[in-house]
Structure formats: structure tokens, C-alpha cells
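# Coordinates in review
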Amino acid sequence: MAVEPLAAAGAARHATADERERLRSLATRMRQLGEAGTLNAFLAADVEFHALLLQACLNEMFTALTGVIAEVLAGRTEHGLMPKCRQPVALDLHDQVANCVAAGEARGAETAMRELVEKVRDAISTTRQPAPAGDPDRW
């Protein structure tokens with residue numbers, strides 16, 4: 001939540017033309033895969049999308065977090081915290097981030113990414129069940 005919105009804004013400021021076009025292409029691909037319910041291919045495109053944002057922002061510290069972000073995305077899928085078919089709002093927000101980056105709209109990219117990560121946070125927190133009494137470590 002602290003990294004990706006700022007990375008999206010940085011990407012809007014610094015991405016090359018090729019990176020901007022690749023983000024738009026990945027968002028389109030994610031929509032196709034998400035609507036088809038193709039989880040593994042969607043995950044690969046999602047990881048590439050977020051990695052490209054981190055790379056394009058030209059912040060070395062954020063770029064160094066690429067593996068961490070990939071693990072978070074993979075873990076969400078591996079632990080059954082992803083719906084089989086992607087939520088339209090999440091797909092729309094990926095499109096919005098990509099379009100804002102492509103247009104060089106830093107504030108719009110940051111806002112869309114903030115909303116996206118908030119949606120993910122909310123989805124994960126409503127999916128998790130509280131630990132039963134006597135088992136405080138089970139989540």
C-alpha cells in the first residue's frame with residue numbers, strides 16, 4: 001500500500017514509450033485472462049504488470065521490491081484468496097493505472113493504484129477467518 005501507488009506515479013513520470021505501451025498491453029491481456037478465469041496465466045501477466053511499474057518508476061528501492069510484490073501476488077493465488085473470475089472493478093483499475101501511466105498522469109496513476117491495492121486489502125481481510133478459540137496462530 002505504501003509502495004505501489006507511488007511507483008505508479010513515478011512510472012507515469014518516467015516510463016519509456018515502450019514501457020507505457022507494454023503496461024496497456026498487459027492490462028488488456030489481464031482483462032482477457034481474468035474474464036476467462038485462467039488463473040495461472042492471469043497471475044503471470046499480473047506479476048509482469050506490477051514488476052514493470054516498479055521498474056519504470058526509476059526508484060531503485062521500489063525496483064528492489066519486485067520479488068516481494070511477486071510473492072504477494074502469487075501467495076494470494078496459491079492460498080485461494082483470488083476469485084476464479086476477476087472482479088470487473090479490479091480489471092478496470094488495472095486499465096486505469098495503465099492508461100494514466102501511458103498518458104503521463106501521475107496523480108491519476110497513483111489514485112487508481114491506491115484504490116486497487118485497497119480493494120485487494122479489503123478482499124483479503126474479508127476472506128480471512130478468525131482463528132478458533134485455543135488456536136491463535138491459525139489464519
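Remember, it's a predicted structure, so these values are computed and weren't measured experimentally.

Now for the nonpolar core. Core analysis: the largest hydrophobic core is formed by 28 residues, its most contacted members being L23, F49, L53, V97, V101 and M113. Contributions of two or more residues to this core are made by α1 (4-14), α2 (17-36), α3 (39-56), α6 (88-103) and α7 (106-127). The contact partners of M113, leaving out residues within four places of it in the chain, are E4, P5, A8, F49, H50, L53 and V97. With nine residues, the next largest nonpolar core counts A7, L43, L54 and L73 among its residues.

Another point: the confidence of the model for the chain. Chain-level pLDDT for the chain is 87 on average; 83% of the residues reach the 70-or-more range. Per-element confidence in the chain ranges from a low mean pLDDT of 85 for helix α5 (residues 66-78) to a high of 98 for α1. Counting contacts from residues 128-132, a segment whose pLDDT is below 50, to residues more than four positions away or on other chains yields eight contacts.

Another aspect to go through is the packing of α2 against α6. The geometry of α2 relative to α6 is characterised by a closest axis approach of 8 Å and an angle of 170 degrees between their N-to-C directions. Classified by the interaxial angle, the pair formed by α2 and α6 is roughly antiparallel. Contact with α2, carried on its side by R20, L23, R24, A27, T28, M30, R31 and E35, involves L91, D92, H94, D95, A98, N99, V101 and A102 of α6 and no other residues of that element. Of the residues in the contact of α2 with α6, the class split is seven nonpolar, three polar and six charged.

You can see H50 is positioned in helix α3. What makes H50 buried here is its relative accessible area of 4%. Side chain to side chain, H50 and E4 meet in a polar contact 2.5 Å long. Beyond its immediate stretch of four places on either side in the chain, H50 contacts E4, I69, L73, H94, M113 and L116.

Taken as a whole and assessed by the stated rule, the structure comprises five salt bridges. A salt bridge links E48 to R22, with the shortest nitrogen-to-oxygen separation between them at 2.8 Å. With E48 in helix α3 and R22 in helix α2, this residue pair connects regions lying 26 residues apart in the sequence. With a relative accessible area of 34%, E48 lands in the partly exposed category. A residue is classified by how much of its surface remains accessible, and R22, at 35% relative accessible area, is partly exposed. For D92, the salt bridge is made with R31, and the minimal N-O distance between the two is 2.6 Å. Residue D92 is located in helix α6, and its partner R31 is located in helix α2; the two are separated by 61 residues in the primary sequence. When salt bridges with common partners are traced through the structure, they connect R31, E35, D92 and D95 into a single cluster.

Quick look at unusual backbone geometry now. With a phi angle near 60 degrees, L58 is a residue other than glycine that sits in the positive phi range. The exposure class of L58 is exposed, given its relative accessible area of 60%.

Rules used in this analysis
- Residues numbered from 1 in each chain as written.
- Predicted model: local features only at pLDDT ≥ 70, side-chain atom pairs only at ≥ 80, totals over all residues.
- Heavy atoms only, no water.
- Core = buried A, V, L, I, M, F, W, Y, C linked by side-chain atoms within 4.5 Å.
- Buried < 20%, exposed > 50% of the residue type's maximum accessible area, 1.4 Å probe, protein only.
- Helix = DSSP H or I, 4+ residues; strand = E, 2+ residues; numbered from the N terminus.
- Contact = heavy atoms within 4.5 Å.
- pLDDT = per-residue confidence, 0-100.
- Axes fitted to C-alpha atoms, helices over the stretch in contact; angles between N-to-C directions.
- Parallel < 35°, antiparallel > 145°, perpendicular 65-115°, else oblique.
- Nonpolar A, V, L, I, M, F, W, Y, C, P; charged D, E, K, R; others polar.
- Polar contact = N/O pair within 3.5 Å; in protein donor to acceptor, adjacent residues only side chain to side chain.
- Salt bridge = Lys/Arg side-chain N within 4 Å of Asp/Glu carboxyl O.

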